[in-house]
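# Fold and contact review
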Amino acid sequence: MEQFLQAIDTQTIIFTLTAVLLPLLAFVLNITMRGRWDKISGWVSTVAILLSCILSGFVFARVWNGHPVHQQLLWFTIGNTQLYAGILLNNLSVLMLLLVSVIALPVHIYSTAYMKDDEHYTRYFAFLSFFCFSMLALVVVDNLFLFYISWELVGFSSYLLIGFWFKRHKAIMANKKAFIMNRIGDMGLLIAIMVLFTQYHTFDITQIFADNGLISRSVMKNGLWVSPTGHLPAIWQYIACGGVFLAVAAKSAQFPLHTWLPDAMEGPTSVSALIHAATMVAAGVFLLGRVYPMFNGTELTILAIIGCFTAFMAATIALTQNDLKRILAYSTISQLGYMVMAMGIGAYASSLFHLVTHSFFKALLFLVAGIVIHQMRHINDDNGLGIDPQDIQHMGGLRKKLPFTFIAAIIGGLALVGLPLTSGYLSKDSILIHAFEWADGKGPLFKLIPVFALLTTWLTAFYVARLIVKVFFGELRLLKNTPGIKLHVSDGSWAYKLPLVLLAAGCLFPLFSANPIEFTRSWLFKGFSPAGGFGAESSAYALLPVLVNSLSLLVIYWAWLIYAKQKAGSLLQRGFLYRLSFNAWYFDEIYNNGIIKPVLALGRFTFWFDRIIINGSVNSLARTGILVSKLSSWFDRNIIDGFLNLLVAIVRAIGNFARKFQNGRVQYYLFSMLVIILSLFILKILV
Amino acid sequence: MNILTLIIFTPLLFGLIIALMPSRWRSSFKYVALLATLVQLAMSIWIYCNFKTGAAFGGINHETQFQFMQKLPWINLDLGAMGKMQIDYFVGIDGMSVSLLVMTSFVLVIAALSSWEIKSNLKGFFILFLILDMAVTGVFCSLDFFMFYIFYELMLLPLYFLIGMWGGAKREYAAIKFFLYTLFGSVFMLLIMVGLYLSVKDPVTGNHTFNMVQMMNPANYEPGSVFSVAAHQTIFGLSARAVGFVVLFVAFAIKVPVVPLHTWLPDAHVEAPTPISIILAGILLKVGGYGIIRVCLSIFPDIASSGAYWLGLLGVISIIYGAFNALAQKDLKRMIAYSSVSHMGFVLLGLASQTAEGISGAVMQMVSHGFLSTMLFFLAGVIYNRVHDRGINHFRGLASVMPNYTAFVIVAFFASLGLPGFSAFIGEIFSLTGAFKSHTVNGLLPYWMAACGSAGILIGAGYFLWTLQRMFFGTVNFKGGTVWQTALVDLNFREKLTLFPLAIMVLALGLMPSLVFYKINDSVLALVQFLQLK
């Protein structure tokens, strides 16, 4: 029996491994065969992800609510530390495994049509497959070291895909920004991992974070963070959590590292649907789920505050944007804020629930946006208008031209607002109710969090309504401004429609719960809640959804009046609040002037320092050397040599003098002898 | 014949062959040089495969645990009352040398391949090239300080001429600066070496000796001698051993290079022809790191521990300072040169930690940087050869014109900025982890050093990505206009042949770090243990 179970587990691991590696295989095939099989490369990647999807389904069915599966192999040894590579399957990882592949599949199908005419079609699919590989690896790996590796690879593949159209200036600025901001998060994660490794001597996720793992047996004592395996000063516990938070903020686009996500919309729209709506940005929340036990109460509260602030801030920005994709991007930031906030208030299950439902409806909305943009670009190219195809101010009335897309947009939009019968209703209301419960019994300031979360819901309702009304209702504004243009617009082939159908199905309640009203009945919520846990029946806030949704409906109606009927007074298009929202709270300007410019200036300063001071001192040392050598050469020539020359001159003078006596005349010799003898005598007489 | 002796002197033999060949055959010199390096590579791979591991092969301070040893009496002079002078021909390797040795022979093959660009005075070039080859190989194999010193100094001479004669516009300045800078370090090293010689006695023969392994054992020091551990002698009022350590460290730090002793490097790298840049960055810098392990840490373990804080600090400063400088560069080669300063800072930080992770990481970082800087300088050479310009702002949109080239650049840049899956990631992350762990293990480095060091990884992403964005992406626009556009053809077969193995190596080491760690682990553990015992 034991052996049989073991064999089953091994099979599960093999399935998982295959599911993860298939996209990598597709990547390798596409990158090596670049230029030769342009036609089929899309299908290579799509088939790979389809198989991954099926395998993930198997794995999910086996592991969900069963016992966790964990197997590993020795990878390498460094010093006395052994590093293992392994796979850890529990509820969280199998859910993510399935989610990623299920969202990736329609995006792949959609891409085969959407990218059809691109000159780098094969490269696109190679990168897309590589992204899927790193994302799938991220969710199943069993230790922090491998987690960090996949974490960075996710960032790297996102870099490649954002800058896929590398000739566009904006795209390459955006991918650089995305990678560097993600690197800030990576640095935080790296520091956190170093702290945990130093404290626990292992990278293994189960050993550290399991229910009775090392973290749960660590305590704070006298300013020390004591664990069964050692101790560190308490501050490092906070730094580790701060590092994890930075990582989460970078990947899941939370304040203060959120500004890369709107810019990342420069990538192909299909990429945005997969990466910047459903999977990569969810990785941050997933990380929180993985390392949840390491946060203490204060840290969780900070998390909740930041999540709530991000949700609110991004929603206010989304109100005034005119770029179709940027609205969706800010909406994503806002929804991710909800998830992080939910983690912060302890609504672990709700957070993950919202992660899953959000993936479906946001991917759907992005694919819808892709179709709209594609059609607008057609109109633009056909008529040579030179407009921005993503600007919703040119759109309108598309519901007649794109009926299928319109229905998908409505479903996605309703789910995003969180109206009943959609999946978004279940998950969002579960977060809101939890938030109110959490604030009960805490100080009045804590009430701000559920209140702002509530406000954000209505803001969401407004910007979603504005978006859909401006795009699909009324008349095509382009036609009004430039009459007589030709329009050949349609929903597109099955490769466009099928993904919409698949994702739209995931936006409705039956996938998650038989009961459209009560989130507690959802299998997904139950899978992450401890038995006998939270029940909505017992909640004092059971009627909250009614209030929320009726107000949401009112807001939607109001927006419809403003933008479709233009009856209600339009919102002010000026004033400080409008400018604040339109300019995204000026974060880009602040970062640019407050951080990037000073850093570059610091770089120039160090280079100046290097050239002038350090190198200058070396050069002046050389110059001093030359100067000294010149001095010594002068000394040598004038003093030492001079002395010698003087000696020579003296000797020569004496010699010359003495030579006068040696002139060879006998008389002269006699005369001189006589003079000498005479002078001797005279001297003798005198002395 | 001993394999190490063979591998050291093979290039000399081929150098002689080139010297004897008539100048008419000048076009075949490069093939002879390439053959020499290939033979060396084959031998080093053989050595790698036959290198035994296990606790009995740790090396470091146990003479018997070294492998492929050869020890012959070389200079034996009877000095009468002063005893006998004993200098041995003593070669042997342990885990610390073996990975660097293989990396060196690999890089030399690449350097030989990139020597195709040299057009003038071929005979001189290749003879000097091969002498340099012999010297660097010799350094990694020598276990006698005298021999080590000779090989160490012998590297300077060919390099001086190679930079000074085949270099760029400011080559004379760069060559002289390089030569004097390094000589400054090694002259004082000579003094310490003699001091060590006079302090240490071979326990078997009773003679003074230059044997480095015997210098590591405190028992071999004559009581009361200048560098004796027990005697606490002073020089100018400072501890003699500390002075010895500092002087040797300065000599090697110039080679590494450690800020603030690095300013020879940008000039030398920028002015040197591509093959010499490759050897400089790929191998010469590692001689510095290797010297710190083999000489500074092993012969002066006591000072290495008490001064670890300062070593670590210099490492962190190098990481950050080099990275900021790289950010400000407008010349591609100069940017790469400063990035080398930053990356070698990790080596120093890892070594200073004296933990198994840190030292393994440092060695890995050296091996990885050997391959990566080779790749980077080769890539910089590719466009310089085509248009004789390297200004980052003079190019735009290279990706459209040279797609294959850009693909290799992306691999090299991302590998260098520490993307997982490539070797530099393993080196950097373990250097940092070791540095962080150091405080709890041996209390040498404070925690903040590793945290600051990781900022280097962030700034690294900054300068590499900025360069990518400015030079390679966007619409095509060159300073030289259409002339450049026609000159900038994509990689040819030889260039691809050169770059491909390098890319494979950095990838292989990133995916299978055990290729290095397995061979070095016993030596690392032996070194850590030795340092703890002091």
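One structure accompanies this document, and this report is about it.

Rules of the game
- Residues numbered from 1 in each chain as written.
- Chains lettered and ligands numbered in written order.
- Predicted model: local features only at pLDDT ≥ 70, side-chain atom pairs only at ≥ 80, totals over all residues.
- Helix = DSSP H or I, 4+ residues; strand = E, 2+ residues; numbered from the N terminus.
- Buried ≥ 20, exposed ≤ 12 C-beta atoms within 10 Å, placed from the backbone.
- Pairing = 2+ DSSP bridges.
- Axes fitted to C-alpha atoms, helices over the stretch in contact; angles between N-to-C directions.
- Parallel < 35°, antiparallel > 145°, perpendicular 65-115°, else oblique.
- Left-handed = near helix turned anticlockwise from the far one by under 90°.
- Contact = placed C-beta atoms within 7 Å.
- Core = buried A, V, L, I, M, F, W, Y, C linked by C-beta atoms within 7 Å.
- Expected span 1.5 Å × (residues − 1).
- Arc of directions from axis to C-beta.
- Nonpolar A, V, L, I, M, F, W, Y, C, P; charged D, E, K, R; others polar.

Let's shift gears to unusual backbone geometry. Working note: non-glycine residues mostly have negative phi, and peptide bonds are mostly trans. The step from Val 256 of chain B to Pro 257 of chain B runs through a cis peptide bond, and the omega angle for that step is -10°. Turning to its location among the elements, Pro 257 of chain B is positioned in the loop between helix H9 (240–255) and helix H10 (264–271). In the segment running from Val 259 of chain B into Pro 260 of chain B, the intervening peptide bond is cis, with an omega of 10°. Here Pro 260 of chain B shows up in the loop between H9 and H10. Despite not being glycine, Tyr 586 of chain A shows a phi value in the positive range, around 60°. Along the polypeptide, Tyr 586 of chain A turns up in the loop between helix H23 (576–582) and helix H24 (587–659). Of the residues examined, Tyr 586 of chain A has 12 C-beta atoms within 10 Å and is grouped as exposed.

It is worth spelling out the sheet that holds strand S5 (residues 230–233) of chain A at this point. Residues and elements named next belong to chain A. The sheet built from three strands is open, its strands ordered S3-S4-S5 with antiparallel pairing. Edge positions in the sheet fall to strand S3 (219–221) and S5, since each of these pairs with one other strand and no more. If you compare each strand with its neighbour and ignore which way they point, the axes differ by 30° on average. For S3 and strand S4 (residues 224–227), the ladder comprises three bridges, and the chain directions are antiparallel. The residue bridging Met 220 from the neighbouring strand is Trp 225, located in S4.

Further remarks concern the sheet that holds strand S2 (residues 84–93) of chain B. Residues and elements named next belong to chain B. The three strands lie next to each other as S1-S2-S3, forming an open sheet whose pairing is mixed. The open sheet is flanked by strand S1 (67–78) and strand S3 (208–209), the only strands paired with a single partner. Where S1 and S2 come together, nine bridges link them in antiparallel fashion. Opposite Lys 71, over in S2, you have Phe 90 as the bridge partner.

All names here are of chain A. At a closest axis distance of 9 Å, the pairing of helix H12 (residues 297–318) and helix H18 (residues 448–472) adopts a crossing angle of 25°. Taken as axis vectors, H12 and H18 run roughly parallel relative to one another. In terms of crossing hand, the pair formed by H12 and H18 is left-handed. Across the interface between the two elements, Ala 304, Ile 305, Cys 308, Ala 311, Phe 312, Ala 315, Thr 316 and Ala 318 of H12 pack against Ile 449, Phe 452, Ala 453, Leu 455, Thr 456, Leu 459, Thr 460 and Tyr 463 of H18.

Residues and elements named next belong to chain A. Within the largest apolar cluster, 433 residues are counted, with the highest numbers of intra-cluster contacts made by Leu 97, Leu 136, Ala 363 and Leu 364. With 19 residues, the single largest contributor to this core is helix H14 (residues 348–383). Leaving out residues up to four positions away in the same chain, Leu 364 has contacts with Ala 408, Gly 412, Leu 500, Leu 503, Ala 504 and Cys 507.

Let us look at helix H2 (residues 29–50) of chain B. Residues and elements named next belong to chain B. With 22 residues, H2 should reach 32 Å at 1.5 Å per residue; the first-to-last C-alpha distance of 32 Å fits that figure. Taken together, the buried positions of H2 are occupied by Phe 29, Ala 33, Ala 36, Thr 37, Gln 40, Ser 44 and Ile 47. Take H2 and look down its axis: the buried residues cluster within an arc of 90°, on one side only. Exposed residues on H2 whose side chains face more than 90 degrees from its buried face are Tyr 31, Ala 42, Trp 46, Cys 49 and Asn 50. Buried residues along H2 sit against helix H1 (3–20), S1, helix H3 (95–114) and helix H4 (122–141).

The next subject is the packing of helix H13 (residues 324–344) of chain A against H18 of chain A. Residue and element names in this part refer to chain A. Where H13 contacts H18, the axes come no closer than 11 Å and their chain directions differ by 155°. Considered as vectors, H13 and H18 are oriented roughly antiparallel to each other. The element H13 and its partner H18 pack so that their crossing is left-handed. Residues Ile 327, Ser 331, Ser 334 and Met 341 of H13 form the contact with H18, whose own contacting residues are Ile 449, Ala 453, Thr 456, Thr 460, Tyr 463 and Leu 467. For the contact of H13 with H18, a count of residues per class yields six nonpolar, four polar and no charged.

Shape is all these values report; function is a separate question.
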